[in-house]
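# Structure assessment
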Protein chains: 2
Amino acid sequence: MARYPQRVQLIDVGPRDGLQNEKSPVPAAVKIELTHRLQDAGLTEIEVTSFVSPKWVPQMGDNAEVMAGLARKAGVRYSVLTPNMKGYEAAVASQPDEIVVFGAASEAFSQRNINCSIAESIERFAPVVEAAKAAGIAVRGAMSCTVGCPYEGEIAPSRVAYLAELMKGIGVERVDVADTIGVGTPIKVQKALEATLQYFSVDQVSGHFHDTYGQALPNTLASLELGIWNFQSSIAGLGGCPYAKGATGNVATEDLVYMLHGMGIETGIDLDKLVDAGIYISDFLQRKPNSRVAVALINKRAG
Amino acid sequence: MARYPQRVQLIDVGPRDGLQNEKSPVPAAVKIELTHRLQDAGLTEIEVTSFVSPKWVPQMGDNAEVMAGLARKAGVRYSVLTPNMKGYEAAVASQPDEIVVFGAASEAFSQRNINCSIAESIERFAPVVEAAKAAGIAVRGAMSCTVGCPYEGEIAPSRVAYLAELMKGIGVERVDVADTIGVGTPIKVQKALEATLQYFSVDQVSGHFHDTYGQALPNTLASLELGIWNFQSSIAGLGGCPYAKGATGNVATEDLVYMLHGMGIETGIDLDKLVDAGIYISDFLQRKPNSRVAVALINKRAG
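Just so we're clear, the structure is a prediction, and the values are computed from it rather than from any experiment. Within every chain, residues take consecutive numbers counted from 1 along the sequence as written. By the order in which they are written, chains take letters starting at A while ligands take numbers starting at 1. The model is predicted, so local features are restricted to residues of pLDDT at least 70 and side-chain atom pairs to those at 80 or more, both for listing and for counting; the totals for chains, interfaces and linings are taken over all residues. Excluded from the side-chain calculation are hydrogens and water; included are all heavy atoms of the structure.

## As for the overall build of chain A
Under the convention used in this document: Helical segments are the DSSP runs of H or I of at least four residues, strand segments are the runs of E of at least two, and each set is numbered from the N terminus. Here the radius of gyration uses the C-alpha set of atoms, whereas the globule reference equals 2.2 Å times the residue count to the power 0.38. Exposure is judged per residue with a 1.4 Å probe applied to protein chains only, and the accessible area is read against the type maximum: over 50% gives exposed, under 20% gives buried, and values in between give partly exposed. Every residue pair with non-hydrogen atoms within 4.5 Å of one another is taken to be in contact. For accessible areas, the Shrake-Rupley method is used with a probe of radius 1.4 Å. Any residue's cover is judged against the shown protein chains and nothing else. When charges are counted, Lys and Arg contribute as positive and Asp and Glu as negative, whereas His and the chain ends are disregarded. By convention, charge coordinates are those of NZ in Lys, CZ in Arg, CG in Asp, or CD in Glu.
Counting its secondary structure elements, chain A contains 12 helices and 10 strands. Its C-alpha radius of gyration of 18 Å places chain A within 12% of the 19 Å reference for a compact globule of 303 residues. Seen along its three principal axes, the alpha-carbon backbone of chain A occupies a region of about 55 × 45 × 35 Å. When burial is assessed residue by residue, chain A has 62% of its 303 residues classed as buried. Within chain A, counting contacts between residues at least 6 apart in sequence, those at least 24 apart form 74% of the total. Total accessible area on chain A is roughly 11300 Å²; 50% of this is exposed by carbon and sulfur atoms. A distance of 3 Å separates the average location of the 27 positive side-chain charges in chain A from that of its 33 negative side-chain charges.

What follows is the structure in structure tokens.
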């Protein structure tokens with residue numbers, strides 16, 4: 001049998017990545033309450049909001065209000081997404097523990113998503129990373145489309161290595177290997193991770209898998225086998241797949257925690273409280289949690 | 001990286017295990033068409049129906065009609081479930097390639113499900129197995145609740161070994177290790193498989209995982225790592241979980257095939273035709289396929 005890490009650190013991206021594409025506005029108070037429920041359930045890393053122009057992401061327009069409203073808990077890392085120096089300056093005023101910059105392993109995706117080449121996107125982030133580090137703020141780099149791209153199809157591991165090298169070059173301290181469209185399967189995901197591990201240590205690499213094709217948990221298992229012990233997920237599976245209407249996006253934190261606990265791997269998370277946090281936000285959004293574990297446990301509770 | 005089998009053999013249990021709990025009658029013609037679509041998609045093992053009293057499972061009351069209506073394809077194995085000698089005799093008249101007997105690794109489940117102890121259930125199957133073997137019909141043993149039981153909770157691997165030994169003792173040729181309520185996670189499933197591998201070779205053991213808690217694919221990956229290369233699944237995820245209303249039951253064949261093909265493992269199955277077969281039966285049942293791959297591909301086809 002494979003050796004697995006004894007402990008896994010989860011980053012819940014629900015409040016930011018999960019909610020950002022919701023069409024109806026979610027009040028700041030709901031986002032704050034969701035973040036509080038996540039930290040009460042034992043999450044110690046939460047991606048709270050983004051400091052992107054509200055013209056592009058109106059749902060995150062209340063970023064400063066949300067950050068100011070948090071009753072911060074000791075030992076919890078609150079991170080925010082920052083696309084440029086303007087976003088960074090606004091972000092810093094809200095005192096995040098970590099900022100997140102992002103790039104794609106696919107040129108086509110980079111061009112269509114942020115209107116510039118991969119290399120240009122990294123140049124743009126360089127001063128943000130420098131400023132954050134000078135201010136003692138941690139920096140994470142989100143690497144999207146590391147397995148497949150909606151425009152280019154399959155992405156070669158060498159493209160992932162290229163992006164990881166650029167991220168390393170500007171001083172990013174740790175990176176997320178994201179399967180943005182959820183097309184990855186275990187061996188492909190291991191190759192993307194191995195490409196990244198050429199530039200970052202196993203403690204600096206996190207897996208971020210979408211469940212669009214139901215592959216997020218086997219991909220997580222395949223990552224654990226490489227020693228990866230940081231993963232991102234979204235409470236109640238918040239965040240559909242913008243490239244396949246009605247399809248699943250982020251893997252649900254509940255599903256991931258169930259697997260890890262079943263394997264005897266510690267997360268520090270209380271699954272029941274986590275399910276309750278998912279019910280809270282799902283009720284607000286008037287839908288069922290997009291988590292098989294949540295649905296099964298809700299049915300079980302109902303007897 | 002782990003070594004995985006190069007080829008996987010899938011048994012689609014949709015027509016039997018998937019449809020048996022449907023409340024509205026599904027006409028024999030629809031079951032036949034579904035079976036034909038599965039074989040056209042490349043499935044070479046299909047669990048077609050059961051020869052159980054129609055008092056208990058009315059949906060399978062058309063068993064003889066369904067078996068008689070099949071346009072059998074060379075190289076395809078058609079199996080049927082048989083609970084006792086009466087069922088066996090009716091089954092044999094329909095010329096199955098394989099009969100399936102079943103037992104539980106949980107005493108409480110055995111008592112509640114078939115009203116006798118595990119040992120008694122095996123005694124009851126002994127003449128069925130003997131008769132089948134004398135008639136040159138293959139025999140498979142379905143072992144349910146090998147990880148968890150809705151009444152007893154967690155099941156020890158030694159209970160699985162006990163059932164496997166009994167199955168071996170009456171001449172069963174191969175067995176399914178089923179996680180009937182879908183509570184298993186990778187290491188637990190490996191332990192249930194290893195207990196079974198004390199009595200059966202790796203070529204004689206198949207994994208049958210329910211996706212109630214979203215764990216079927218990681219459990220499959222964990223099984224592949226032990227060399228297991230036979231798995232059961234259900235087209236469109238047919239067959240909910242009778243122990244958790246509204247929850248998912250059998251893993252969808254589409255999701256399993258997507259993972260295997262993504263890993264370069266051959267199945268002989270055409271995923272597009274498989275998705276079409278799932279759409280066919282889901283349309284009849286007036287619901288969406290309970291398969292993330294099917295939903296994602298249907299959305300992709302729609303552009």
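The rest of the description comes next.
## Observations concerning the confidence of the model for chain A
Detailed reading of the predicted coordinates is not advisable wherever pLDDT falls low. Just so we agree on the cut-off: pLDDT: the predictor's confidence for each residue, scored from 0 to 100.
Summarising the model, chain A shows a mean pLDDT of 95, and 97% of its residues fall at 70 or more. Quick note on the complex model: pTM equals 0.96, ipTM equals 0.94.

## Comments concerning the interface of chain B and chain A
Inclusion rule: Once two parts are brought into contact, the accessible area they lose, counted with a 1.4 Å probe and summed over both, makes up the buried area. The term salt bridge refers to a pairing of a side-chain nitrogen on Lys or Arg with a carboxyl oxygen on Asp or Glu at a separation within 4 Å. Any pair of nitrogen or oxygen atoms within 3.5 Å is treated as a polar contact; in protein, a donor-acceptor pairing is required on top of that, and neighbouring residues in sequence qualify only through side-chain atoms on both sides. When residues are grouped by polarity, Ala, Val, Leu, Ile, Met, Phe, Trp, Tyr, Cys and Pro land in nonpolar, Asp, Glu, Lys and Arg in charged, and all others, Gly among them, in polar.
Of the residues lining the interface, 38 residues belong to chain B; the matching set on chain A comes to 38 residues. Interface area for chain B against chain A, summed over the two sides, is near 3300 Å², with a carbon-plus-sulfur share of 60%. Inspection of the chain B/chain A interface yields two salt bridges. The partner of R292(A) in a salt bridge is D211(B), and the shortest N-O contact between them spans 2.4 Å. At the surface where chain B touches chain A, the tally comes to 10 residue pairs in polar contact (both at pLDDT 80 or more). For the side of chain B that touches chain A, the secondary structure elements donating two or more residues are α8 (186–196), α9 (216–224), α10 (253–262) and α12 (292–301) of chain B. Among the elements that take part in the side of chain B that touches chain A, α12(B) stands out by supplying seven residues, more than any other. Here the residues of the side of chain B that touches chain A sort into 19 nonpolar, 10 polar and nine charged.

## A closer look at the packing of α10(B) against helix α11 (residues 271–284) of chain B
All names here are of chain B. Put simply, the rule is: Geometry is summarised by axes, namely lines fitted to C-alpha atoms with helices restricted to the contacting stretch, and by angles between N-to-C directions that run from 0 to 180 degrees. Every angle not falling under 35 degrees, over 145, or within 65 to 115 is termed oblique; those three ranges are roughly parallel, roughly antiparallel and roughly perpendicular.
Between α10 and α11, whose axes approach to 10 Å, the crossing angle comes to 170 degrees. Between α10 and α11, the crossing angle belongs to the class labelled roughly antiparallel. Residues T253, E254, V257 and Y258 of α10 form the contact with α11, whose participating residues are L271, L274, V275 and G278. Grouping the constituent residues of the contact of α10 with α11 by class yields five nonpolar, two polar and one charged.

## Re the pairing of strand β2 (residues 45–50) of chain B
Residues and elements named next belong to chain B. Our working rule: The pairing criterion is simple: DSSP has to find at least two bridges between the two strands. If you view a crossover with the strands going away from you and the path from the first strand over the helix to the second runs clockwise, you call it right-handed.
Burial analysis of β2 places six of its six residues in the buried class, which makes it a mostly covered element. With five bridges joining them, β2 and strand β3 (residues 77–81) adopt parallel strand pairing. Bridging across to β3, I46 finds its partner in Y78. Following the chain from β2 across helix α3 (residues 63–69) to the adjacent parallel β3, one finds a crossover that is right-handed.

## Description of the relation of the copies chain B and chain A
So the rule is basically this: Here the copies are superposed with least squares, the fitted atoms being C-alpha atoms of residues at a pLDDT of at least 70 in both.
Overlaying chain B with chain A gives an RMSD of 0.0 Å, the required rotation being 180 degrees about an axis along which the chain moves by 0.0 Å. Both copies are brought into coincidence by an operation consistent with a two-fold rotation axis. Measuring from the rotation axis to each C-alpha of chain B, the shortest distance belongs to P218(B), at 2.1 Å. Interface overlap between copies is the fraction of interface residues in one copy that are interface residues in the other; for chain B against chain A it reaches 100%, indicating a shared surface.

## Focus: the side chain of Q20(A)
Residues and elements named next belong to chain A. As for its position among the elements, Q20 is in the loop between α1 (14–18) and α2 (28–40). Within the structure, the side chain of Q20 is placed 2.9 Å from the side chain of R16, a separation counted as a polar contact. Other than its neighbours up to four places away in sequence, Q20 contacts V57, Q59 and M60.

## Concerning the pairing of strand β1 (residues 9–12) of chain B
When a strand is regular, its side chains alternate between the sheet's two faces. Residues and elements named next belong to chain B. Residues Q9 and I11 of β1 are buried on one face, and the alternating residues L10 and D12, pointing to the opposite face, are buried as well. Of the strand pairs in this sheet, β1 and strand β10 (residues 230–233) are connected by four bridges, and their pairing is parallel. Within β10, the residue paired with L10 across the bridge is F231.

## Describing the packing of aromatic side chains
Let me state the cut-off plainly: Two aromatic rings from Phe, Tyr or Trp, using only the six-membered ring of Trp, form a pair when their centres are within 6.5 Å; if the ring planes differ by under 30 degrees the pair is stacked, by over 60 it is edge-to-face, and anything between is tilted. A ring is considered to have a charge above it if a Lys NZ or an Arg CZ atom is located within 6 Å of its centre and within 35 degrees of its normal.
Scanning the entire structure with this criterion turns up eight aromatic pairs over all chains. Seen from their ring centres, F102(B) and F125(B) are 5.3 Å apart, and the 65 degrees between their planes marks the pair as edge-to-face. One end of the pair, F102(B), is in strand β4 (residues 98–104); the other, F125(B), is in helix α6 (residues 118–134), and 23 residues separate them in sequence. Comparing F102(B) with F125(B) shows no difference in burial state: the two are buried. Seen from the ring of Y151(A), R112(A) lies directly overhead, with NZ or CZ sitting 4.0 Å from the centre. The side chain of K168(B) reaches across the aromatic face of F200(B), ending 4.9 Å from its centre.

## Remarks on the environment of E173(B)
Residue and element names in this part refer to chain B. Relative to the assigned elements, E173 resides in the loop between α7 (157–169) and β8 (174–179). Since its relative accessible area comes to 31%, E173 is described here as partly exposed. C-alpha separation for the pair E173 and V205, spaced 32 residues apart in sequence, amounts to 9.3 Å. Those residues within four positions of E173 in sequence are excluded, and the remaining contacts are K133, A138, V139, F200 and Q204. One polar contact links the side chain of E173 to the main-chain amide nitrogen of V139, over a distance of 2.9 Å.

## Some points on the environment of G249(B)
By secondary structure assignment, the location of G249(B) is in the loop between β10 and α10. Each C-alpha atom, one on G249(B) and one on D179(B), is 9.9 Å from the other, the two residues being 70 residues apart in sequence.

## Details of the state of the cysteines
All names here are of chain A. The following threshold applies: Defined by distance alone, a disulfide is two cysteine sulfur atoms within 2.5 Å.
All told, the structure shown has zero disulfides over all chains when counted by the stated rule. Not part of a disulfide, C149 finds its nearest cysteine sulfur in C145, a span of 4.7 Å. On the basis of relative accessibility, which here comes to 3%, the residue C149 falls in the buried class.

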